[in-house]
Every structure is written in structure tokens, then in C-alpha cells.
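Residue strings, one per chain:
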Amino acid sequence: MNEPIVARHWLAHVTPKAAPAVATSTVLILGRIWNANGAEHSVGNAALIVVLAAGAATAGGFASAGRRGDSVIAGTAFAASGGLALAGVAGYADGISLPLLLWALATAIAYGLAARYWRTDRRDTTAYERGTTERREEHAHVERVEALRAGAQIEVARSGAAYAEQLATALITRAVLPGFDPAQLAKAGLPELPATTTKEG
């Protein structure tokens, strides 16, 4: 019943919390690199980003409005659309203030969306751990009851064996006493010894 205790590394706890900021920061950095390599005020690059962002947003809309709206695909598509829009602004703008403003806004939105999924995951984990604990306690209770029952049966069997041994010893001792008459005991209502057959020679 004892399960090994696995201690997670502190990076395993921090990484999911840092993922939204890392993602938006990466997009901002790549957009500024793209800006430095000729994307600034480039109409062709801006049009490409607009088309890609609109396509990703449209795909997300179709995924969420579909018959079996898949929230994972829709969320991924909308995140890709927002990332492309942020990269386009970071690459097209000549200053850093607008890209930084959009980066802060995108990071806040990303954390707001992620917090909802973290809460759901935490509720599911708590419910699973609670159910596991209840099952473990129930199994432990059943084991304790069965152990007590087995111990009681063993004790009864041991007491019965001791009583049988004492009775056999008493019967043997009584049979060898001088003047022992089984008929007199039977008349008195005392336990009767089993009949013994004697061989006539």
C-alpha cells in the first residue's frame, strides 16, 4: 500500500508558470530581429502577417464554432493569430514603445487564459488525489477488518484445540483412577467415555 514519494524539481513547478511570458517575449524578440533585417515599414511583410494572422483567427473561429467545438485547437489557433499580430507590429513599427505595449497586453491575456486552465487542472488533480485517498483508506479499513476477523478465527481455533487437549488429558486421567466405574458416571449424568472393546483370549 505504500507508494514511493516523488519530489518534483523546482523547475517543473516554475516552467508552466513562466511559459506565457517566455512565449510572448520570444515573439517580441523575433519581431524586433525581423524589424532590424528590413521588415520596418515593409508593406509586403505587413500584408503577409495580416493574412497569416487573419487565417489563424478564422481557423480558430471555425474550430470553436464547429459541431464538436474543440477548445484546444481553437485556443491554439487564436494564440497563433495573436502571436502573428504581435510579431507583425514588432517587425513593422519603427519604435519599441508600441511593441512593448502589445507585448504587455498579450502577456496579461495569456496569463488570464492560462489561469483558467491551471484552476481546472488543479481542481482535477485535487479531486483525483481525494478519490485516491478515499480508496486507499477504504482498502486499509477492509484489510484491518479482515485481519481482525482472521485473528479472531485463529484465536477461536487455538482455544478449541487447547480445550480438546485438556479434555483428552482429563478423560485419560479419569480413566486410570482406581475404582473408576463408567456406569456410575453415566447414572449421575456425567459425560460418558467412549466404549472400548476388549479382546477375549
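Quick notes on the rules
Residues numbered from 1 in each chain as written. Predicted model: local features only at pLDDT ≥ 70, side-chain atom pairs only at ≥ 80, totals over all residues. Heavy atoms only, no water. Phe/Tyr/Trp six-rings, centres within 6.5 Å; stacked < 30°, edge-to-face > 60°. Buried < 20%, exposed > 50% of the residue type's maximum accessible area, 1.4 Å probe, protein only. 1 Å grid on protein atoms, 1.4 Å probe; cavity = no way out; pocket = protein on both sides within 12 Å on 5 of 7 lines; lining within 4 Å. Points joined across faces, edges and corners; volume = space filled by probe spheres on them. Helix = DSSP H or I, 4+ residues; strand = E, 2+ residues; numbered from the N terminus. Nonpolar A, V, L, I, M, F, W, Y, C, P; charged D, E, K, R; others polar. Salt bridge = Lys/Arg side-chain N within 4 Å of Asp/Glu carboxyl O. Expected span 1.5 Å × (residues − 1). Patch = residues over 30% accessible without salt bridge, like charges linked within 9 Å, V, L, I, M, F, W, Y side chains within 5 Å. Areas by Shrake-Rupley, 256 points an atom, 1.4 Å probe, with all protein chains shown as cover. Lys, Arg positive; Asp, Glu negative; His and termini not counted. Charge placed at Lys NZ, Arg CZ, Asp CG, Glu CD. Contact = heavy atoms within 4.5 Å. Polar contact = N/O pair within 3.5 Å; in protein donor to acceptor, adjacent residues only side chain to side chain.

Undergrad: Honestly, the packing of aromatic side chains in this entry has me stumped. Any pointers?
TA: Two aromatic rings are characterised by how far apart their centres lie and by the angle between their planes. Under the defined criterion, the tally for this structure stands at 1 aromatic pair. Pairing Tyr-111 with Trp-118 gives two aromatic rings, centres 6.2 Å apart and planes at 65°, and the pair type is edge-to-face. The class for Tyr-111 is partly exposed, based on a relative accessible area of 28%.

Undergrad: Mind showing me how you'd approach the layout of surface pockets here?
TA: Left-over empty space is what a probe sized like a water molecule reveals as it rolls over the atoms. There is about 950 Å³ of room inside the largest pocket. For the largest pocket, the lining is made up of 26 residues, of which Gly-75, Ala-79, Ile-109, Ala-110 and Leu-113 are closest to its centre. Those elements that provide at least two residues to the lining of the largest pocket are α1 (10–39), α3 (71–92) and α4 (97–175). When residues in the lining of the largest pocket are grouped by element, the largest group, 11 residues, is from α3. Taken together, the residues of the lining of the largest pocket break down into 19 nonpolar, 6 polar and 1 charged.

Undergrad: Sorry if this is basic, but what is going on with the pattern of salt bridges here?
TA: Pairing between side chains of opposite charge can happen when their charged atoms approach one another. What the rule picks out here adds up to 2 salt bridges. Close ionic contact of Glu-146 with Arg-149 constitutes a salt bridge, the shortest N to O distance being 2.7 Å. On the criterion of helical spacing, the pair formed by Glu-146 and Arg-149 is a turn pair, its members being 3 residues apart in helix α4. A relative accessible area of 41% means that Glu-146 is categorised as partly exposed. Judged by its relative accessible area of 42%, Arg-149 is partly exposed. Measuring nitrogen to oxygen at the nearest pair gives 3.0 Å for the salt bridge that ties Glu-155 to Arg-158. Of this pair, Glu-155 and Arg-158 both sit in helix α4, 3 residues apart, which is roughly one turn of the helix. Its relative accessible area of 41% is what places Glu-155 among the partly exposed residues.

Undergrad: Honestly, α4 in this entry has me stumped. Any pointers?
TA: Residues three or four positions apart in an α-helix share a direction because the helix packs 3.6 residues into each turn. The terminal C-alpha atoms of α4 lie 114 Å apart, and with 79 residues this matches the ideal 117 Å at 1.5 Å per residue to within 8%. If you check which residues of α4 are buried, you get Pro-99, Thr-107, Ala-114, Gly-131, Thr-132 and Arg-174.

Undergrad: Would you mind showing me how to read a nonpolar patch on the surface here?
TA: A cluster of nonpolar side chains, contributed by Leu-105, Ile-109, Leu-113 and Tyr-117, occupies part of the molecular surface with about 410 Å² of accessible area. Inspection of the secondary structure puts Leu-105 in helix α4. Residue class for Leu-105 comes out partly exposed when judged on its relative accessible area of 48%.

Undergrad: I keep staring at a positive patch on the surface and nothing clicks. Help me out?
TA: Taken together, the side chains of Lys-17, Arg-116, Arg-119, Arg-122 and Arg-123 present a region of like positive charge at the surface. Among the elements that line the positive patch, the one with the most residues is α4, at 4 residues. Tracing the sequence through the fold places Arg-122 in helix α4.

Undergrad: How should the environment of Ala-114 be read in this particular structure?
TA: Note on placement: Ala-114 falls in helix α4. Given a relative accessible area of 14%, Ala-114 falls into the buried group. Spatially, the C-alpha atom of Ala-114 lies 9.5 Å from that of Ala-19, the residues being 95 residues apart in sequence.

Undergrad: Whenever I open this one, the side chain of Asn-35 confuses me. Can you help?
TA: Positionally, Asn-35 belongs in helix α1. By relative accessible area, which is 9% here, Asn-35 ends up buried. The contacts of Asn-35, once residues within four sequence positions are left out, are Glu-40, Ala-90, Gly-91, Tyr-92 and Ala-93.

Undergrad: Got a minute to help me understand the side chain of Thr-24 in this structure?
TA: Following the sequence through the fold, Thr-24 ends up in helix α1. Under the relative-accessibility criterion, Thr-24 is labelled buried at 10%. Separated by 3.2 Å, the side chain of Thr-24 and the backbone oxygen of Ala-21 make a polar contact. In terms of polar contacts, Thr-24 uses its side chain to reach the side chain of Trp-103, at 3.3 Å. Non-local contacts of Thr-24, meaning those with residues more than four positions away in its chain, are made with Leu-86, Trp-103, Ala-106 and Thr-107.

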